[in-house]
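# What the coordinates show
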Amino acid sequence: MARKVQITETVLRDANQSLMATRLPYADYEDILETMDKAGYYSVECWGGATFDSCLRYLGEDPWERLRNIKKHMPNTRLQMLLRGQNLLGYKHYHDDVVEKFVELSIKNGIDIIRIFDALNDFRNLQTAFEAVKKYSKKYGRHVIASGCISYTQSPVHTVEKYVEMCKKLVEMGFETLCLKDMAGTMSPYEAEGLIKGIKAALPNVPVVLHTHCTTGMAYMTITKAIEAGVDVIDCATSPFSNGTSQPSTDTMFYALQQYGIDCGLKEDVIKEVNDYFKPIKQKYIDNGTLNPKSMATDAQALVYKVPGGMLSNMIANLTDMKSMDKFDAALAEIPAVRKDLGYPPLVTPLSQMVGNQAVTNVLLGERYKQISNEVKNYFKGEYGIAPAPVSQELQDKILGEGKEPVDCRIEDSKRTGEDFAMAKEELGDLARSEEDIMSYICFPKQAKEFLEKRKAKEENIAVYSIEEA
Ligand code: CO
């Protein structure tokens, strides 16, 4: 059988999020959805991540309605979302009943693939969401794919063997596909090759997806090696919304795969139409300043400093604020040490900020851990999950008290009381018309309430609306 590598189109979610802070309104792309539906993508990533928050906060859109609309215009394409496990689309731990309901509503409103990850790769945080996918896939009579996703990072403990172990665990849990999520774009071509080969050797029948970003300029080389090593699906974005901090170009990869003699299932004329459609849209957002040209450039700093770009700019901003940029090199050198003490967490939000800020504090005060941030304390208490490697015993004793162990917050947080729903219902009163409204409120109370109030006012044609908008 001829080799196949399929493509997930990310323009509606990650490309939109990475290049223009998720400010693309639904109305801008409605007209191209029926065309996209004919392209032959493996899936279209269109929801989750920051889209939900952005809909409510900035765009005055109901995220659920957006999803239903996309589904209506793309009935033949798998719609995909990104879910942060027990944190859903935010950073706090939600109760199990909330997680389950969120997954149910996502499936009910049209999602076909849920890519689930945890910042620390603590897979206990994927369990509830995973079980909900299975349960509601059955209930709604659709095959919804639960994709087990690994936050990729580099450290002395993150070996190929460790990643293969993680993949095996995800497959044991029941995940159908695996995804390597290289959010900082720091995975090198040979790392990709080693990883994919290792995973494919251990789990030959499980489809493997590679998600990376062009931020450091390495993505095309990395994807090329991944393809040679046997990857099954790659995440790409239509050319106008590709590169920079976004994904590699769908169109470029289409031609590259042709050269390899690999079928990606895409129709050339259709992806060209998609490309042509998004060109003027991109220009519109460059012209009005939403799309910052900086995000379209290549920035290799992350490779030099072994620190993701966002974390680096955060540190520079902090040090500049404190008029201490002369300590920049020392702070950079302190990062690996702090990371080691914390058991090598992946450098993603919120852990990247936590590690970066603590490194800066250590250097500024001239003494390590003279001051410890609340976030780091909570991390040691176990609030974020289990660290990838053992943490510093000395630091743990200092924070928790000698001989004390972190608590299993996963268990404490997982109560199913229904109280979140009851409270939301009461607080929203007649603003809530559906379970979806209530869920929006549980996830983003302030933004959802404002949105629902505006919706009500609009319907009642009250002048307040236009005054507020002015
Ligand atoms: Co991404």
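Since this is a predicted model, take the numbers as computed values, not measurements. (Residues numbered from 1 in each chain as written. Predicted model: local features only at pLDDT ≥ 70, side-chain atom pairs only at ≥ 80, totals over all residues. Heavy atoms only, no water.)

## Details of the pattern of salt bridges
Rules: What counts as a salt bridge is simple: a side-chain nitrogen of Lys or Arg found within 4 Å of a carboxyl oxygen of Asp or Glu. What counts as a helix is a DSSP run of H or I of at least four residues, what counts as a strand is a run of E of at least two, and both are numbered from the N terminus. Residue exposure (1.4 Å probe, protein chains only): buried if accessible area is under 20% of the type maximum, exposed if over 50%, otherwise partly exposed.
Overall, the coordinates contain 28 salt bridges when judged by the stated rule. In this structure, the salt-bridge partner of Glu228 is Lys225, at a minimum N-O distance of 3.3 Å. Taken together, the residues Glu228 and Lys225, both in helix α9 (residues 219-229) and three residues apart, mark about one turn of the helix. Between Glu334 and Arg368 there is a salt bridge, with the nearest N and O atoms lying 2.9 Å from each other. You can see Glu334 sitting in helix α14 (residues 328-341) and its partner Arg368 sitting in the loop between α15 (351-365) and α16 (374-381), a full 34 residues away along the chain. According to the relative accessible area criterion, Glu334 is buried, its value standing at 11%. Here the salt bridges share partners, and the residues they tie into one network are Lys101, Glu104, Lys139 and Glu435.

## Comments concerning the pairing of strand β6 (residues 177-182)
Selection rule: Between any two strands, at least two bridges found by DSSP are needed for them to pair. Throughout, right-handed denotes a crossover for which the path from the first strand over the helix to the second runs clockwise when the strands point away from the viewer.
Burial runs high along β6: six of the six residues are buried. Across the two faces of β6 the burial is the same, with Thr177, Cys179 and Lys181 and Leu178, Leu180 and Asp182 all buried. Where strand β5 (residues 145-151) lies against β6, five bridges are found, and the strand directions are parallel. Looking across to β6, one finds that Ile150 is bridged to Leu180. Bridge count for β6 against strand β7 (residues 208-212) is five bridges, and the pairing is parallel. Each residue of the ladder has a partner; that of Cys179, found in β7, is Val209. For the segment spanning β6, helix α8 (residues 189-202) and β7, crossover handedness is right-handed.

## As for helix α10 (residues 250-260)
Since the α-helix advances by 3.6 residues per turn, residues separated by three or four positions end up pointing in the same direction. Note the threshold: The directions from the helix axis to the C-beta atoms form the arc being described. Only heavy atoms matter for contacts: two residues are in contact if any of them lie within 4.5 Å across the pair. Polar contact criterion, stated in full: a pair of N or O atoms within 3.5 Å, where within protein one must be able to donate a hydrogen and the other to accept it, and residues adjacent in sequence count only if both atoms are side-chain atoms.
All of the buried residues in α10 are Thr250, Asp251, Met253, Phe254 and Leu257. Relative to the axis of α10, the buried residues are bounded by an arc of 165 degrees and lie together on one face. On its buried face, α10 sits against β1 (6-9), α9, β8 (233-236) and α11 (268-287). Capping the start of α10, Ser249 holds a side-chain oxygen 3.1 Å from the backbone nitrogen of Asp251, two or three residues further along.

## Observations concerning the packing of aromatic side chains
Applied cut-off: Classification of ring pairs rests on two measures: the distance between centres of Phe, Tyr or Trp rings, Trp counted by its six-membered ring, which must be within 6.5 Å, and the angle between planes, read as stacked under 30 degrees, edge-to-face over 60 and tilted in between.
Applying the stated criterion across every chain, the model contains 17 aromatic pairs. An angle of 80 degrees between the planes, with centres 5.5 Å apart, marks the rings of Tyr26 and Tyr29 as edge-to-face. Here the residue Tyr26 and the residue Tyr29 both occupy positions in helix α2 (residues 26-36), the gap between them amounting to three residues, near one helical turn. Each member of the pair, Tyr26 together with Tyr29, is buried. Where Tyr277 meets Phe278, the ring centres are 5.3 Å apart and the plane angle is 80 degrees; that geometry is what we call edge-to-face. Tyr277 sits in the partly exposed class, given a relative accessible area of 21%. Look at Phe278 and you get buried, because its relative accessible area is 0%. Ring pairing ties together the aromatic residues Trp47, Phe52, Trp64, Phe102 and Phe444, which thus form one cluster.

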